[in-house]
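Coordinate analysis (summary)
If you want the building blocks of each chain, they are given just below.
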Amino acid sequence: MLELSPRYQIQRDARLAALDTSAARAYKAMDVDPTPGAGAARPVIAYLYQPGNVLPLEQLRAFDRFQAPGMVKIADYGVAARDGEGGRDFALIVQPMGEMVAPSLVQQFDAMSDETIATRVVRPILPALKEIESRRTAHRAIRPTNLFYADASRTNVILGPPATSPPGQDQPAYLEPLESAMTDPLARAGHVFYDDLFALGVTLLMLATGRNPLRDMKPEAMTAKRLEVGSFEAMVGGLRLTTTMTELVRGLLVDSRRERWGLAEVAQWAVDGRRPNPPRVTQPKVAGRPIKIGSDEASSARSLAFHISRHWDHAGKLLTSEEFQTWIRRSLAEEAVVDRVTKVTRGSSETTVRERSDRLVLNSLLALDPAGPMRYRDLSFQLEGLPNLVGNVLAEGESERDRAADLSTLIANGLWSGWAIMQGTLGNEAARVRSMLERQRTVVTTRDPGAGIERCLYELSPAMPCLSPLVIESCVVDLNDLMIALDRLPKESFVEDFLTDRHILAFLASRSSKITDQVLRQAVGRRSALQRLVQQIKMLALVQSTAKILVPNLTTNLANLLKATADQEIRGSELKELVLKDLEAAAPLGKIDALLKTLEESGALEADRRGFEAARAEYMEGKKKLSELKDELTKAERRATGLGPQIAGMIGMASGLAAIAMMALMGVGF
Amino acid sequence: MKPLIWLFGIGVIAVLFRPTAVILGVGLLPTLLTFLFDRTPEKFGVLCIGSLNLAGLYPVLMPLWTRGHTMENAMKALGDPNTGAVILGAAGVGCVIYFATPPIVSMVVRSRITREIGEIEKRQGELVAYWGEALSEDAGFGNATTAPALKHKPVKIPTRGR
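Conventions and cut-offs
Residues numbered from 1 in each chain as written. Chains lettered and ligands numbered in written order. Predicted model: local features only at pLDDT ≥ 70, side-chain atom pairs only at ≥ 80, totals over all residues. Heavy atoms only, no water. Helix = DSSP H or I, 4+ residues; strand = E, 2+ residues; numbered from the N terminus. Contact = heavy atoms within 4.5 Å. Areas by Shrake-Rupley, 256 points an atom, 1.4 Å probe, with all protein chains shown as cover. Buried < 20%, exposed > 50% of the residue type's maximum accessible area, 1.4 Å probe, protein only. Lys, Arg positive; Asp, Glu negative; His and termini not counted. Charge placed at Lys NZ, Arg CZ, Asp CG, Glu CD. Expected span 1.5 Å × (residues − 1). Bend = angle between axes of the 7 residues up to and from the residue. Disulfide = S-S within 2.5 Å. Phe/Tyr/Trp six-rings, centres within 6.5 Å; stacked < 30°, edge-to-face > 60°. Domains from an automatic or database assignment. Salt bridge = Lys/Arg side-chain N within 4 Å of Asp/Glu carboxyl O. Pairing = 2+ DSSP bridges. Axes fitted to C-alpha atoms, helices over the stretch in contact; angles between N-to-C directions. Parallel < 35°, antiparallel > 145°, perpendicular 65-115°, else oblique. Left-handed = near helix turned anticlockwise from the far one by under 90°. Nonpolar A, V, L, I, M, F, W, Y, C, P; charged D, E, K, R; others polar. Core = buried A, V, L, I, M, F, W, Y, C linked by side-chain atoms within 4.5 Å. Buried area = accessible area lost by both parts, 1.4 Å probe. Polar contact = N/O pair within 3.5 Å; in protein donor to acceptor, adjacent residues only side chain to side chain. Patch = residues over 30% accessible without salt bridge, like charges linked within 9 Å, V, L, I, M, F, W, Y side chains within 5 Å. pLDDT = per-residue confidence, 0-100.

**Some details on the overall build of chain B**
Counting secondary structure elements, chain B contains six helices and zero strands. Along the chain direction, N to C, the helices and strands of chain B fall in the order α-α-α-α-α-α. Excluding contacts between residues fewer than 6 apart, the proportion of contacts in chain B whose partners are at least 24 apart in sequence is 70%. Surface summary for chain B: the accessible area is close to 10300 Å², and the carbon and sulfur share equals 70%.

In structure tokens form, the structure reads like this:
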């Protein structure tokens, strides 16, 4: 991945906590451009992304060379190494901003007049908004706390930087259009410029009133009210706004994206001073009487869907009740919705089988509110936001185990597909995610190495850094990053099976076509630690063949680990000596495949194992024989005591006979 | 019954072959002594010393039988100091054989066993030198237990505060 230019020096001990977002921490930094004539070092601001979030690479690429006035300038972005420690962070460098227009969304601030809003807020940011729209991207972080005075004179306002967190992640629900307001902030769509216009409308409303529109309402209650009476009525009803401001806010807070004012209308209002045509506002159809769900009440199909998704476990009972059927038929005024819901719920009975109940609720939500986000149990997302949601859930580990399981079920059973069909034509990113989801259906529930929800995460998002504890602090997005991160690991990290956690295997499998299922199984499934380590190193060698960078520290550490493991497991001294010699030579070279020169030779380890078994058998046989012989030795004396006289007798007899025969032949005594 | 037969046999020889009986009676005294002290059931000592004792009596008995089987010749032979030397010398050789043979046999047996033990131990040493001390352990090759330094670290994704 792109390395941040060394001219930017991030001061990690100088936090700018007021600028922090949910995904990034802000720090002071200096731009020490070494180019001759560049002048003295200049202060800039660095946003460092925290692990667990999808990096906004695509959005930032869309903002490359963005020079239009009206928005904080993005200076650079890329991966920055931490001084001293081994980690790396993804950094976004922006030019410094003036004072924040509103330091907080919950506290009151100074209201602005229409004139000020038109001349000092809307007009200055209009060029930036036009440029954003022309690039077919979106800012997705327009809110009062992300507006800044351009300079100390506090004359004009500019938009704060985009992409300091995933799209829409830091926007409270009331700053988002209804569909996005009902979506988990971690899982919102990124490229919809009309969402920026809605956020602009709410922001201008807040600047005009000096406070947020919630007043004393809870965010969920505000969303429910918006679903029943429309966003404009819910947020503006009861407030005293000028006619001019009311026109602008009404135009931008239209719930229908098609009817919402565009930049042309905003420019007419702010620049030309003309009054654009008011938008066509379709009021939500309200039921004759409300229906109760838990502690809430719903008076429309959409608000019912919203409440059902918040009371999922009780929804099955409601949907199969006579009360609900009656309400649908007699009180709900939307025929098309009634037809759809009746088809889904007719004949259904309450069930304790969770899967069946979930499907009923899911299909009912689609029938009641097809424009809403995809909702399943505690999950709600838009397709483009799904990778970030999966990443955040997995990064939380055990505490989000249930949601991770729900995500797996959702993907494996294709529960999202009906909803995706209802969305009609999808944008590029949404279409890409949909296509990836189809391919992950069988992979997501497999526990094989490199598969599972982890694989799904990295396949869904090429910009998701690896969450393996081994490299989570190193912002590893591609294979090059992985090689660099592994090369920087301290030697203490290199222990048995260090390369086999689910995240790193899934990351490798998704980023490299050479890392096949077979390679992964061999890296994890072999019986001996040495055989597994050899396969794991082979995997890294495959990665290096793509990344093409030398990694001398990594090869040194791998060589040491191989030496220790080989020393324990290779029995034959000849093979061991050869392997250790090869490792000694290959360690500093930085080429991973050189480490396996002898170990990879066909059958070397197997021959060593067989040889050892045979030697052991011979040794044990010898040990048994030794025991028998030592036993015999102790009995030798006794044996000699028995055998000796017998032999002596025979020798004596033979000698006597021989002596007599000799004397007879010699004629002794004759 | 057997001793009676022996006694009868000795009696007949003593009566019919008096000179020979006298020579044998005196000359076989070493054998008789051996018989009395030999504790082995098979009486291998008697066999060993007796055989050589008899061989020692041959040069005394042959002249008696070929030159006159008389009491006078028998007494003359017994009175010859050389006769005693030959008889006792032969019996002495028998004694040496009888008492020296068991330790020699023991030494030979022990030597063979010790040599075999040495060969096997040498081979064991060669095997251990090549294959390592694990050869003598009960654990099999490729056992999952590894040295503490290589123990697998538990893997956990750190949770973050939100």
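Read on, since the account is not over.
**Some words on the overall build of chain A**
A tally of helices and strands in chain A yields 25 helices and eleven strands. With the C-alpha coordinates aligned to their principal axes, the bounding extent of chain A is approximately 170 × 80 × 35 Å. Of all 670 residues assigned to chain A, the portion counted as buried reaches 56%. In chain A, the share of contacts with a sequence separation of at least 24, taken over all contacts with a separation of at least 6, comes to 69%. Carbon and sulfur atoms form 50% of the exposed surface of chain A, whose accessible area is close to 29100 Å². In chain A, which carries 84 positive and 84 negative side-chain charges, the distance between the mean positions of the two groups comes to 3 Å.

**Comments concerning unusual backbone geometry**
Where the residue is not glycine, phi is negative for most of them; where a peptide bond is considered, it is trans in most cases. All names here are of chain A. The phi angle at Arg65 is positive, at roughly 50°, despite the residue not being glycine. Secondary-structure assignment places Arg65 in the loop between helix 1 (57-62) and strand 4 (74-81). Although it is not a glycine, Ala163 adopts a positive phi angle of roughly 65°. Here Ala163 lies in the loop between strand 7 (157-159) and helix 3 (178-181).

**Considerations on helix 25 (residues 604-666) of chain A**
Residues and elements named next belong to chain A. Its 63 residues give helix 25 an end-to-end C-alpha distance of only 77 Å, which falls more than 12% under 93 Å, the value for a rise of 1.5 Å per residue. At Lys635, helix 25 shows its maximal kink, close to 45°. Just downstream of helix 25 lies Gly667, where phi reads positive at about 75°.

**Re the state of the cysteines**
Applying the stated criterion to the full structure yields zero disulfides over all chains. Free cysteine: Cys466(A), not disulfide-bonded; nearest cysteine sulfur from Cys475(A) at 11 Å. With no disulfide of its own, Cys95(B) has Cys48(B) as its nearest cysteine by sulfur position, at a separation of 8.0 Å. Judged by its relative accessible area of 30%, Cys95(B) falls in the partly exposed class.

**Focus: the packing of aromatic side chains**
Any two aromatic rings considered together are summarised by their centre-to-centre distance and by the angle between their planes. Residues and elements named next belong to chain A. Throughout the structure, instances matching the rule amount to ten aromatic pairs over all chains. Taken together, a centroid distance of 5.8 Å and an interplanar angle of 85° make the contact between Tyr49 and Phe90 edge-to-face. With a gap of 41 residues between them, Tyr49 in strand 3 (residues 42-49) and Phe90 in strand 5 (residues 88-94) connect regions that are remote in the sequence. Each of the two residues, Tyr49 as well as Phe90, counts as buried.

**Some words on the domain arrangement of chain A**
Each assigned domain of chain A is listed with its residue range as follows: domain 1 (8-94), domain 2 (114-272), domain 3 (285-372) and domain 4 (466-601). Here the C-alpha centroids of domain 3 of chain A and domain 4 of chain A sit 54 Å apart.

**Here's the deal with the pattern of salt bridges**
Side-chain pairs of opposite charge can arise where the charged atoms are in close proximity. Residue and element names in this part refer to chain A. Evaluated as defined, the whole model comprises 42 salt bridges over all chains. One salt bridge in this structure joins Arg377 and Asp406, with 4.0 Å as the shortest N-O distance. A residue pair is termed long-range when its members are at least 10 positions apart, and Arg377 in the loop between strand 10 (374-376) and strand 11 (379-381) and Asp406 in helix 15 (residues 401-412) qualify at 29 residues. For Arg377, a relative accessible area of 13% translates into the label buried. Arg532 serves as the salt-bridge partner of Glu496, at 2.9 Å between the closest nitrogen and oxygen. Residue Glu496 is found in the loop between helix 19 (479-487) and helix 20 (502-511), and its partner Arg532 is found in helix 22 (residues 529-547); the two are separated by 36 residues along the sequence. Taking the relative accessible area as the measure of exposure, Arg532 reaches 11% and is therefore buried. Each of Asp313, Arg354, Asp358, Arg377 and Asp406 takes part in a single network of salt bridges with overlapping partners.

**Here we look at the sheet that holds strand 1 (residues 8-15) of chain A**
Residue and element names in this part refer to chain A. Across the sheet, five strands lie side by side as 1-2-3-5-4; this open sheet has antiparallel pairing. One side of each edge strand has no neighbouring strand; the edge strands of this open sheet are strand 1 and strand 4. Strand after strand, the sheet turns through a mean of 35° between neighbouring axes, direction not considered.

**Examining the environment of Asp195(A)**
All names here are of chain A. For Asp195, the location among the structural elements is in helix 4 (residues 193-209). Judged by its relative accessible area of 3%, Asp195 falls in the buried class. Sequence-distant contacts of Asp195, that is, excluding residues within four places in its chain, are made with Arg140, Pro177, Arg257 and Arg260.

**Overview of the packing of helix 4 (residues 44-67) of chain B against helix 6 (residues 81-131) of chain B**
Residues and elements named next belong to chain B. Between helix 4 and helix 6, the shortest axis-to-axis distance is 8 Å and the interhelical angle comes to 155°. By the criterion of interaxial angle, the relationship of helix 4 to helix 6 is roughly antiparallel. The handedness of the crossing between helix 4 and helix 6 comes out as right-handed. Facing Phe44, Gly45, Cys48, Ile49, Leu52, Asn53, Gly56, Leu57, Pro59 and Val60 of helix 4, the residues of helix 6 in contact are Thr83, Val86, Ile87, Ala90, Ala91, Val93, Gly94, Cys95, Ile97 and Tyr98. Taken together, the residues that form the contact of helix 4 with helix 6 break down as 15 nonpolar, five polar and no charged.

**What to know about the nonpolar core**
The tendency in soluble globular proteins is for nonpolar side chains to be buried side by side. All names here are of chain A. Membership of the largest hydrophobic core comes to 138 residues, with the highest contact counts inside it found for Leu304 and Leu562. The element contributing the most residues to this core is helix 22, with nine residues. Setting aside anything within four residues of it in sequence, one finds Leu304 in contact with Ile291, Ile293, Ala298, Leu318, Phe324, Trp327 and Leu368. Membership of the second largest hydrophobic core comes to 54 residues, among which are Ile142, Val157, Met235 and Ala270.

**Observations regarding the interface of chain B and chain A**
The partner chain A presents 74 residues to the 60 residues of chain B that form the contact. When the two sides are added together, the surface that chain B and chain A hide from each other amounts to roughly 5800 Å², 65% of it contributed by carbon and sulfur. Put simply, chain B and chain A have four salt bridges between them. Notably, a salt bridge pairs Glu116(B) with Lys625(A), separated by 3.9 Å at the nearest N-O pair. Taken together, the connections running from chain B to chain A amount to five residue pairs in polar contact (both at pLDDT 80 or more).

**Some remarks on a nonpolar patch on the surface**
All names here are of chain B. A grouping of Val26, Leu29, Leu32, Leu33, Phe35, Leu36 and Phe37 is seen on the molecular surface, where their side chains present a nonpolar patch of about 720 Å² in accessible area. In this structure, Leu29 sits in helix 3 (residues 29-37). A residue is classified by how much of its surface remains accessible, and Leu29, at 44% relative accessible area, is partly exposed.

**Considering the confidence of the model for chain B**
Reading predicted coordinates in detail is not appropriate for stretches of low pLDDT. All names here are of chain B. Residues of chain B with pLDDT of at least 70 account for 85%, and the chain-wide mean is 81. Segment residues 139-162 is flagged for pLDDT under 50; beyond a separation of four residues in sequence, or across chains, it makes 55 contacts in the model. Note on the complex model: pTM 0.78, ipTM 0.76.

**Some remarks on the confidence of the model for chain A**
Mean pLDDT for chain A: 90, with 99% of residues reaching 70 or above. Least confident of the elements in chain A is helix 12 (residues 335-345) of chain A, whose mean pLDDT is 85; most confident is strand 7 of chain A, at 96.

**Overview of the packing of helix 2 (residues 18-27) of chain B against helix 5 (residues 71-79) of chain B**
All names here are of chain B. Contact geometry of helix 2 with helix 5 gives a least axis separation of 8 Å together with a crossing angle of 20°. If you check the angle between helix 2 and helix 5, you find them roughly parallel. The two elements helix 2 and helix 5 cross, and the hand of that crossing is right-handed. Contact residues: helix 2 offers Arg18, Pro19, Val22, Ile23 and Val26, while helix 5 offers Met71, Ala74, Met75, Ala77 and Leu78.

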